[in-house]
2 protein chains.
Amino acid sequence: MRHFEAEMNDLKKRLLEMSDYVQEMIKTTIDGLVKRDSKMFDTVFGLEKEVNIQEIIIDDKCLKLMALNQPVGADLRFITSAVKISTDLERMGDEAVNISEMALDLIGYPELKPLIDIPKMSDIVQQMVSDSIKAFNTNDVELAHTVLDKDGEVDELNNKVMADLKVFMIKSSEPETIQRAVNLMFIARSIERIGDHATNISEDVIFMVNGKDVRHHKSTGKI
Amino acid sequence: MRHFEAEMNDLKKRLLEMSDYVQEMIKTTIDGLVKRDSKMFDTVFGLEKEVNIQEIIIDDKCLKLMALNQPVGADLRFITSAVKISTDLERMGDEAVNISEMALDLIGYPELKPLIDIPKMSDIVQQMVSDSIKAFNTNDVELAHTVLDKDGEVDELNNKVMADLKVFMIKSSEPETIQRAVNLMFIARSIERIGDHATNISEDVIFMVNGKDVRHHKSTGKI
């Protein structure tokens, strides 16, 4: 039993490490976009490999923990949540890579316009990610709920960014401008998706702690 | 033990049912786009609710199967794969909803141009989805590999569609044209994502059957 507890602690530690990498990927890709520094994207691509390895290790660990210890109740919920959370973390990393690819293309063109509400959107989403991980680490259901509350705000900002970029494209039919706007649209979409993954993690935390499934209740705005 | 087998068969049956709904969602949304029939999207939105409920039931079933039977080996791999596959199916459904929303907006404008390579891309992706499910149903690792092989083809088609749409936007700076092209870009991206989920399912099938993790080896083009 002591061995099982040590393994469970190790699993948690690994998930937190994986989330550190992913948060660094997101922060670095946005910084690279704002500072127009292509070297920063190399860091993101390097970290992705690390994150992919972590996901496989964590999944394998979860499977072994289940097979060797037949956990039930809260322990079983913790392990199945860990599998889901590692998937969401890995997909956040994928979105950071998508952003880096778009940003790399973008900074090949001269700077023309500020990034509209993209940095603002990214600040909120980074907070969501950080809070969802913190909620997981401390079993904080209340904090997890604050993440769910921010999802609508991000969606609204995303819609605003999309509308602004469309106006931008309509006003200028220059090839370069269109290309820039398309890249920014996909960057905004990826940031929004990272927020969705933070929402998924928060829902997993609520389930893990309470044993209550809160998915697919977003449309009501209440849980 | 007989009871456990019956429950495992029921789990499989439910996953196959869920996948039927999801495939219908994808087919209907593309048909709605091609035929410009807004009523078809209502079907998609209705099916999404069904799919969301199925995901929760399947996850709950998996958790209970693990807690009550402490499965090991192939049974455990089947159950954890089922959790992952239901997540991928649900996300395919989300993408079908995204496509429907974009398409609903799109058909509000007069028809102007064929849908470029989008129907072709969608045919390949629908085949990938159908094959990944069939591979799951029949433990067919070889079929699962053919799905992985198609992933690059879809990526290439997607890049071509994006390039075509950019040219389209550059040539016409009309607000309506830009809006249409943006919608089509997001539709193409969603179709590509559905293909990614079919790839995930195929990787899960290979793991489930062989106990071998083949994720994150895509870049080599070989497994």
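Below, the structure is looked at part by part. (Residues numbered from 1 in each chain as written. Chains lettered and ligands numbered in written order. Predicted model: local features only at pLDDT ≥ 70, side-chain atom pairs only at ≥ 80, totals over all residues. Heavy atoms only, no water.)

## As for the relation of the copies chain B and chain A
When chain B is fitted to chain A, the residual RMSD is 0.0 Å, and the transformation amounts to a turn of 180° plus an axial shift of 0.0 Å. On the angle and the small slide along the axis, the relation comes out as a two-fold axis. Looking at chain B, 100% of its interface residues are interface residues in chain A too, so the copies touch through the same face. (Least-squares fit on C-alpha atoms with pLDDT ≥ 70 in both. Contact = heavy atoms within 4.5 Å.)

## Quick notes on the pattern of salt bridges
Across all of its chains, the model carries 22 salt bridges over all chains by this definition. The residue Asp164 of chain A makes a salt bridge to Lys160 of chain A at a minimum N-O spacing of 3.5 Å. In this pair, Asp164 of chain A and Lys160 of chain A both sit in helix H5 (residues 141-171), four residues apart, roughly one turn of the helix. According to the relative accessible area criterion, Asp164 of chain A is partly exposed, its value standing at 30%. Residue classification places Lys160 of chain A among the partly exposed positions, given a relative accessible area of 42%. A salt bridge links Lys64 of chain B to Asp60 of chain B; the shortest N-O distance between them is 2.9 Å. Here the residue Lys64 of chain B and the residue Asp60 of chain B both occupy positions in helix H2 (residues 39-69), the gap between them amounting to four residues, near one helical turn. Residue classification places Asp60 of chain B among the partly exposed residues on the basis of a relative accessible area of 36%. (Salt bridge = Lys/Arg side-chain N within 4 Å of Asp/Glu carboxyl O. Helix = DSSP H or I, 4+ residues; strand = E, 2+ residues; numbered from the N terminus. Buried < 20%, exposed > 50% of the residue type's maximum accessible area, 1.4 Å probe, protein only.)

## Remarks on the environment of Val214 of chain B
Residue and element names in this part refer to chain B. Structurally, Val214 is set in the segment after helix H6 (175-210). On the basis of relative accessibility, which here comes to 3%, the residue Val214 falls in the buried class. Residues Val214 and Ile194, 20 residues apart in the sequence, show an inter-C-alpha distance of 19 Å.

## Digging into the side chain of Lys166 of chain B
Among the secondary structure elements, Lys166 of chain B is positioned in helix H5 (residues 141-171). Despite its burial, Lys166 of chain B pairs with no opposite charge; the closest candidate is Asp105 of chain A, at 5.8 Å N-O. There is a polar contact of 3.2 Å between the side chain of Lys166 of chain B and the side chain of Gln179 of chain A. The residues contacting Lys166 of chain B, other than those within four sequence positions of it, are Ile178, Gln179 and Val182 of chain A together with Met185 of chain B. (Lys, Arg positive; Asp, Glu negative; His and termini not counted. Polar contact = N/O pair within 3.5 Å; in protein donor to acceptor, adjacent residues only side chain to side chain.)

## Comments concerning the packing of aromatic side chains
Applying the stated criterion across every chain, the model contains three aromatic pairs over all chains. With a centroid separation of 5.8 Å and 15° between ring planes, the pair formed by Phe78 of chain B and Phe136 of chain B is classed as stacked. You can see Phe78 of chain B sitting in helix H3 (residues 73-106) and its partner Phe136 of chain B sitting in helix H4 (residues 118-138), a full 58 residues away along the chain. Summarising the burial analysis for this pair, Phe78 of chain B and Phe136 of chain B share the class buried. It is Lys12 of chain A that lies over the ring of Phe136 of chain A; its NZ or CZ is 5.9 Å from the centre. (Phe/Tyr/Trp six-rings, centres within 6.5 Å; stacked < 30°, edge-to-face > 60°. Lys NZ or Arg CZ within 6 Å of the ring centre and 35° of its normal.)

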